[in-house]
4 protein chains.
Amino acid sequence: MRQPEYVRTVQSFARRELIGQEKLLDSFADAPLPLYGRFADTGLANWWLAKEHGGLGMSLEDSVRIVAELAYGDAGAAFTLFIPVLTTSMVAWYGSEELRGEQLGRMVADNASCATLGSEHDAGSELARITTTVRRDGDTLVLNGNKAFSTNADFGQFLVVIARVEGSASEYLAVLVPRETPGITVDKRWEMIGLRSSGTYQVSLTDCRVPASHALRGNGLRLLEVGLNASRILIATTALGIARRVRDVCMDYAKVKTVKGAPLASNAVFAAKLGQFEMLIEVMTNQCLAAAREYDAIAVRPDAGEEFLRVGTLKSALTTKMFCGQTGWQIASTASEMFGGIGYSHEAVIGKLLRDVRYVSIVEAGDDVLRELMFSRYVVPVSKRS
Amino acid sequence: MRQPEYVRTVQSFARRELIGQEKLLDSFADAPLPLYGRFADTGLANWWLAKEHGGLGMSLEDSVRIVAELAYGDAGAAFTLFIPVLTTSMVAWYGSEELRGEQLGRMVADNASCATLGSEHDAGSELARITTTVRRDGDTLVLNGNKAFSTNADFGQFLVVIARVEGSASEYLAVLVPRETPGITVDKRWEMIGLRSSGTYQVSLTDCRVPASHALRGNGLRLLEVGLNASRILIATTALGIARRVRDVCMDYAKVKTVKGAPLASNAVFAAKLGQFEMLIEVMTNQCLAAAREYDAIAVRPDAGEEFLRVGTLKSALTTKMFCGQTGWQIASTASEMFGGIGYSHEAVIGKLLRDVRYVSIVEAGDDVLRELMFSRYVVPVSKRS
Amino acid sequence: MRQPEYVRTVQSFARRELIGQEKLLDSFADAPLPLYGRFADTGLANWWLAKEHGGLGMSLEDSVRIVAELAYGDAGAAFTLFIPVLTTSMVAWYGSEELRGEQLGRMVADNASCATLGSEHDAGSELARITTTVRRDGDTLVLNGNKAFSTNADFGQFLVVIARVEGSASEYLAVLVPRETPGITVDKRWEMIGLRSSGTYQVSLTDCRVPASHALRGNGLRLLEVGLNASRILIATTALGIARRVRDVCMDYAKVKTVKGAPLASNAVFAAKLGQFEMLIEVMTNQCLAAAREYDAIAVRPDAGEEFLRVGTLKSALTTKMFCGQTGWQIASTASEMFGGIGYSHEAVIGKLLRDVRYVSIVEAGDDVLRELMFSRYVVPVSKRS
Amino acid sequence: MRQPEYVRTVQSFARRELIGQEKLLDSFADAPLPLYGRFADTGLANWWLAKEHGGLGMSLEDSVRIVAELAYGDAGAAFTLFIPVLTTSMVAWYGSEELRGEQLGRMVADNASCATLGSEHDAGSELARITTTVRRDGDTLVLNGNKAFSTNADFGQFLVVIARVEGSASEYLAVLVPRETPGITVDKRWEMIGLRSSGTYQVSLTDCRVPASHALRGNGLRLLEVGLNASRILIATTALGIARRVRDVCMDYAKVKTVKGAPLASNAVFAAKLGQFEMLIEVMTNQCLAAAREYDAIAVRPDAGEEFLRVGTLKSALTTKMFCGQTGWQIASTASEMFGGIGYSHEAVIGKLLRDVRYVSIVEAGDDVLRELMFSRYVVPVSKRS
């Protein structure tokens, strides 16, 4: 089956800029890497942004195809390139028309990035416990706090900050803060064990002031839930890309490696493992696509924003992230034993793939949190069960 | 989301005839059970048979929805009711127009069943080693041999026999043999450990004679491969139905069982298990549907028979059977520890569900065989990889 | 390495009475089966009872060797024969000298059995919630209540009943009640899914009266904890016996079954599975023996009873039951896919082995309960960690 | 239970030099690290070398206790310190008295290291396919070849080289080559993904000449099998040390991390995971000790060398390495999801522990090779089964 044009563009980018560049990508070089600029040259930067803002308006299903190809090359690059969707989807659905036009328009024009400041050190995945505050001062909002992990924050054009309304126990806002706003400090870049071509930062906000119109409409925590739907599905998709890469790396090795005088590829135990990998990869593929289509079915509705607020965290997003995270890890774990001593060295790519795929089950809430959420939202209510 | 009418019909049948009837269904009572007649009363018997033969012409996607509901009630009933699809799809695509009209028409008219005689004791899953033979005697075909496992064979209206052409090393035929043909002996009904509401038989053929026109067109082994596509997807679907039932049985128990003075349903370890189950059930659902749609996309083509011959075993069929078999077993295994001592007795239904789901990874080739097939057909050829 | 005499006796018994008798053993025939009498003829009945009572005084390490051989033949027979150790160890350590002499002496003389009445339907594994009561009436104790699962209770010579002291919230007694005491009713024998050569009963006590001297010394719940140490290690050992049997059944099959023209035994995927089984069986063996030795090291101390009261549940007992239950299930699960269609029928023994081994992770507390106990007793206190 | 003096010495060394030094240990600093000299200061360097050579003559059981403590601190340090046992045990049993006295005596005196040159790039774990050769030239042996992975080779005092006898298809020798011998070139140090405080080298031999008396007695491949018994058991033991460290790191985190307002340590899902870890750690401990004792029982025999030649690869060594490798990986994998985003960064130690433990299932033959060996040596011969 012939791939769509955009998929071929991405494949070609991955072959040119990612595959074979593992040493660079894994080196924790200064972020953002120049290759992100070259991705923009393909015309696909921020591919999901709406046509009304000058973007390509591609669907989440398209995104799954793009991200799988990028992650096949390098999951860190994929993550860097798609993670703004978390931020922009909140702005697109819950920002004022003016704010959307201005910020998303500029983002398209500049092929820029953006970031969400959600998680905090002590709160972990329990966002209701965050301590970053926002208070109104006339027509201005003032933000203060420390945010633990924010990918792309250092070089994003704007940030969306999730903050508790000062003086309120249960009110939260999501506020768009341009990156150049005084009071934003990038305290450090985290040195991660994988995904090292991406940049995740700790950021503090000290009396950051933005116009009140920069607050997005609705409860900040719920907005974040909505934003995470797209990003969780795409994070899951990076596990799919990695799993495909792992398979191909195994097959390449099996052609040259001999066991008992025959190529490893003709070994029955090897074949059984690869047959199992392929089966799982096919399931991951179908799951990523099914989740994306379910998301797109809501996203094309005229009342998409309202509908997403109503449903909050999609079951499909929870499912896809958990399943692909677990399965990707299982595939990479198994494969990491298949290359002998070389496979334990940095001369083989499997070590990087194993470290990279690990993030899928950690970022944007670990499986323990997601299982509990799945249970309370989708198992306890009988009508929501699959 | 409102379910289609036919799904509600099946749900109502399952509630009436299957759920709560576990003792009877598990009793190895004489086959076929009277309830199969009552299923015919719903008008849905052999729901997939084409309209041209008087059938309903329902798709494999519809079949997935039906089988999931039936298997929720009883996997043996589901299996009994859908397994003729293996046989009829071979007849529908590779039988002469006359044979099709006659046999499938009569089957629709009588709400009858039919069966395939494929596997043999010594050959196991290696069908190329079967020893049942067919020879031409004028305008007649004469069949001889012993067939190990054939579900519904005793009460099927016709049988499709896979046989080696006498005197040839590599030629096989699939021949339709009416059940009443002299020389067919049902040697025994196998007592299975699960799926006990279904009947699987050992059958011998002694000089069975049918007109030469009863041979289906094409290589018998390839035809069987084609026929197995639909049945493997539906076998997988029974694991989905069982998994859903397991989940609900756990939830029902968790409402009445208390742990440390609180309902089990509020226990975090229980919630984590159920959250994981739900995630896996959602993935199984998407996989069964995706595979069925892929099948249907071929089945609606005017050249469906030729196209299926060309592709043989669908990757989606292999994937779905392996995945749902493994996952269903994993869910039922985990659940089988969750009911204390009662769960180890026949007073709980979990023991039956565990035994029932076991067949998915065994029937129509075990995972070792399928993994190898997956590897050689879909991993070795680079272009066929997912 | 030559096996001890008693092991050879048991092996010979197993070959004569158990192996090949699966149909009978699995038939749920009236309990106790005549073969238990024939086991007594070997002179090994209740092999662990002390020499002072006329017994053989064999250690738990010896018991592991005996139980592994019995369970190789039939886990239900093994369970029936060793489970009295739970009861007798409570009597031996915490009964008065007179009670011990009388009851254990008679048990040795008659090659009799005995049983513990611990678990109750609503309390499950939380024994502190039991509702069976004991009250003192002069020199007499009066017991009332319903006990859910008690193996051998119907034909035991005496029962040890765990009961709450009437009027007290936290006081429990373990009371020896001769089987013939008026007021004991066996309400039913549970039909279990496996271990069907053993008999487990639901028993009610209505104003059962025994002399006050029949109360064992100490808190009844703690005594039960102590008693469970030996039985949990031996329950685990049945999983070892079953695992060895599974392995041998696979190897026997692999000699006669051919795959691609070669015996299954020469298939690399099969070899890999069996190599993994053997590795796990070796670990199970070492774990059972290590746990038994640790137990024996306490049991030979002059203050064994006090020391056991002090330590309560042994870490080694928790470990062994959890590990062997999980591993035995894993081995039997994997094997249950290796026999094709025959393996799904009652003509193969694997189905019975799978059902039998399931009980190990259920009886005498499931893994969820044991993991929690392990955590609170042996992980939280830093000095108790391994 | 009070630990032996030598264990406390090692614990104190680990606390002083390893725990908290993860950044340095993980930095791939020049090998050998100065801390190896400081280990010698404890008097325990090469603790297993025989008293006749001036060593401490400690048993493999002692070694298990030492290595578990070292690996708790750093598996790379543990590996560096014990891996010479592979080499010295070949020399001790199969070297001439003079060679032993000279080489092992000097090693004790200098607290030196040594190394084995076994594996080659193309041969992988199939040592019969090695191409390094040895030929006799008068009273001299001449060695030529390339060896892929040899730990400690660069700074070892001597090397034992496994080589094919030139001109023979099936004869192999193990030859002791002093490190300073002309013709030995260390081609590179491998940059490994874990165990980075150890040094593993690629080494080539060009016309290396040693006296004929430097050949060890017996078939070189068999000698290597014998040598691997001790090292495989100790490699397995490093997984035990790592697993214990993982558990403690989790518990430390659980004290400070809160979930829903309560410490993580009081969370039931966390407790279940740690309870399972502890169970597995206890089994690993017992398995390592059982294997070591089995080894020691042979090692103390006067004919130990002959007996080891007769048995070759011990079942206990295969079992322990496979089991601890698999279990250690499982524990570290599970734990690697338990620290949120921090756990994905280099600020947490879990990433290092995960990378370190990976080597256990790779070095000295992967599980695929060991399972096959287990099958052919210990399952096929009925009498060798556990």
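Coordinates for the structure precede this section.
Below you will find a few notes about this structure. Here the structure is a predicted model, which is why all the values come from computation and not from measurement. (Residues numbered from 1 in each chain as written. Chains lettered and ligands numbered in written order. Predicted model: local features only at pLDDT ≥ 70, side-chain atom pairs only at ≥ 80, totals over all residues. Heavy atoms only, no water.)

## A closer look at the interface of chain A and chain D
Logical step 1: With 43 residues of chain A at the interface, the matching set in chain D holds 43 residues.
Logical step 2: Here chain A packs against chain D, burying approximately 3,600 Å² in sum over the two surfaces, 54% of which is carbon and sulfur.
Logical step 3: Counting the contacts that link chain A with chain D gives eight salt bridges.
Logical step 4: Note that lysine 273 of chain A is salt-bridged to aspartate 368 of chain D, the shortest N-O span being 2.5 Å.
Logical step 5: Remark: the boundary between chain A and chain D carries 28 residue pairs in polar contact (both at pLDDT 80 or more). (Contact = heavy atoms within 4.5 Å. Buried area = accessible area lost by both parts, 1.4 Å probe. Salt bridge = Lys/Arg side-chain N within 4 Å of Asp/Glu carboxyl O. Polar contact = N/O pair within 3.5 Å; in protein donor to acceptor, adjacent residues only side chain to side chain.)

## Side note on the relation of the copies chain A and chain D
Logical step 1: Aligned on chain D, chain A shows an RMSD of 0.0 Å; the corresponding rotation is 180° and the shift along the axis is 0.0 Å. The transformation just described matches what one would write down for a two-fold rotation axis.
Logical step 2: Of all interface residues in chain A, 100% are interface residues in chain D too; the two copies therefore contact each other through one and the same surface. (Least-squares fit on C-alpha atoms with pLDDT ≥ 70 in both.)

## Some remarks on the pairing of strand E7 (residues 200–211) of chain D
Residues and elements named next belong to chain D.
Logical step 1: Looking at chain direction, strand E3 (residues 140–151) and E7 are connected through nine bridges and run antiparallel. Within the sheet, the bridge partner assigned to threonine 151 lies in E7 and is threonine 200.
Logical step 2: In this structure, strand E6 (residues 184–189) lies alongside E7, joined through five bridges in antiparallel fashion. Residue lysine 188 lies in a different strand from E7, and its bridge partner there is glutamine 202. (Pairing = 2+ DSSP bridges. Helix = DSSP H or I, 4+ residues; strand = E, 2+ residues; numbered from the N terminus.)

## Structural notes on the packing of aromatic side chains
Logical step 1: Considering all chains together, one arrives at 56 aromatic pairs over all chains under this definition.
Logical step 2: Measuring from centroid to centroid gives 4.6 Å for phenylalanine 149 of chain A and tryptophan 190 of chain A, while their planes differ by 40°, and the two rings are tilted. On the criterion of sequence distance, the pair formed by phenylalanine 149 of chain A in strand E3 (residues 140–151) and tryptophan 190 of chain A in the loop between strand E6 (184–189) and strand E7 (200–211) is long-range, its members being 41 residues apart.
Logical step 3: Site record: aromatic cluster; members linked through ring pairs are Phe13, Phe39, Trp47 and Trp48 of chain A.
Logical step 4: Directly above the ring of phenylalanine 28 of chain A sits arginine 189 of chain A, whose terminal nitrogen or CZ lies 3.9 Å from the centroid.
Logical step 5: Across the ring face of tyrosine 72 of chain B, the terminal group of arginine 245 of chain B is positioned such that the distance to the ring centre comes to 5.6 Å. (Phe/Tyr/Trp six-rings, centres within 6.5 Å; stacked < 30°, edge-to-face > 60°. Lys NZ or Arg CZ within 6 Å of the ring centre and 35° of its normal.)

## Concerning the nonpolar core
Logical step 1: Trp47 and Phe82 of chain A, Trp47 of chain B, Trp47 and Phe82 of chain C together with Trp47 and Phe82 of chain D are the most contacted members of the largest nonpolar core, which totals 484 residues.
Logical step 2: The contact partners of phenylalanine 82 of chain C, leaving out residues within four places of it in the chain, are Trp47, Trp48, Val67, Ser231, Leu234, Ile235, Thr238 and Tyr359 of chain C. (Core = buried A, V, L, I, M, F, W, Y, C linked by side-chain atoms within 4.5 Å. Buried < 20%, exposed > 50% of the residue type's maximum accessible area, 1.4 Å probe, protein only.)

## What about the environment of glutamine 326 of chain C?
Logical step 1: Of note, glutamine 326 of chain C is situated in helix H11 (residues 315–335).
Logical step 2: Once the C-alpha coordinates of glutamine 326 of chain C and valine 360 of chain C are considered, the two residues, 34 residues apart in sequence, prove to be 8.3 Å apart.
Logical step 3: Setting aside residues no more than four positions away along its own chain, glutamine 326 of chain C makes contact with Ser361, Asp367 and Arg371 of chain C together with Gln276 and Met279 of chain D.

## Topic: the pattern of salt bridges
Logical step 1: In total, this model carries 124 salt bridges over all chains according to the counting rule given.
Logical step 2: For glutamate 306 of chain C, the salt bridge identified is with arginine 217 of chain C, shortest N-O distance 3.1 Å. Of this pair, glutamate 306 of chain C sits in helix H10 (residues 304–311) while arginine 217 of chain C sits in the loop between strand E7 (200–211) and helix H8 (220–256), placing them 89 residues apart in sequence.
Logical step 3: Of the residues examined, glutamate 306 of chain C reaches a relative accessible area of 42% and is grouped as partly exposed.
Logical step 4: Between aspartate 26 of chain D and arginine 355 of chain D there is a salt bridge, with its nearest N and O atoms 2.7 Å apart. With aspartate 26 of chain D in the loop between helix H2 (22–25) and helix H3 (34–41) and arginine 355 of chain D in helix H12 (residues 350–358), the pair connects residues that are 329 residues apart, well separated along the chain. By the burial criterion, aspartate 26 of chain D is buried, and arginine 355 of chain D matches it.

## Things to note about the packing of helix H4 (residues 60–73) of chain C against helix H5 (residues 75–82) of chain C
Residues and elements named next belong to chain C.
Logical step 1: Between H4 and H5, whose axes approach to 6 Å, the crossing angle comes to 140°. Every residue of H5 that contacts H4 at Val67, Leu70, Ala71 and Gly73 is listed here: Ala75, Ala78, Leu81 and Phe82.
Logical step 2: For the contact of H4 with H5, a count of residues per class yields seven nonpolar, one polar and no charged. (Axes fitted to C-alpha atoms, helices over the stretch in contact; angles between N-to-C directions. Nonpolar A, V, L, I, M, F, W, Y, C, P; charged D, E, K, R; others polar.)

## Considerations on the side chain of arginine 100 of chain D
All names here are of chain D.
Logical step 1: You can see arginine 100 is positioned in helix H7 (residues 97–110).
Logical step 2: Here arginine 100 is buried and forms no salt bridge, its nearest opposite-charge partner glutamate 52 lying at an N-O distance of 4.4 Å.
Logical step 3: A polar contact is formed between the side chain of arginine 100 and the backbone oxygen of glycine 95, at a distance of 3.2 Å.
Logical step 4: Apart from residues lying up to four places away in sequence, arginine 100 is in contact with Glu52, His53, Val91, Ala92, Gly95 and Gly105. (Lys, Arg positive; Asp, Glu negative; His and termini not counted.)

## Focus on unusual backbone geometry
Logical step 1: Going from alanine 31 of chain A to proline 32 of chain A, the amide bond is cis rather than trans, its omega being -5°.
Logical step 2: Among the structural elements, proline 32 of chain A can be located in the loop between helix H2 (22–25) and helix H3 (34–41).
Logical step 3: Positive phi, normally seen in glycine, also occurs at alanine 365 of chain B, with a value near 85°.
Logical step 4: The topology assignment puts alanine 365 of chain B in the loop between helix H12 (350–358) and helix H13 (367–379).
Logical step 5: The backbone of lysine 260 of chain D sits at a positive phi, close to 50°, despite the residue not being glycine.
Logical step 6: Here lysine 260 of chain D lies in the loop between strand E8 (258–259) and strand E9 (262–263).

## Things to note about the packing of helix H11 (residues 315–335) of chain A against helix H9 (residues 268–299) of chain B
Axis angle and axis distance: for two packed helices, these are the angle between their axes and the distance between the axes, and together they describe the pair.
Logical step 1: Interaxial distance between H11 of chain A and H9 of chain B falls to 9 Å at its minimum, and their mutual angle equals 95°. Compared by their axis directions, H11 of chain A and H9 of chain B come out roughly perpendicular. Each of Lys315, Thr319, Met322, Phe323 and Gln326 of chain A in H11 of chain A lies in contact with H9 of chain B, whose residues at this interface are Gln276, Glu278, Met279, Leu280, Glu282 and Val283 of chain B.
Logical step 2: Looking at the contact of H11 of chain A with H9 of chain B, its residues break down into five nonpolar, three polar and three charged. (Parallel < 35°, antiparallel > 145°, perpendicular 65-115°, else oblique.)

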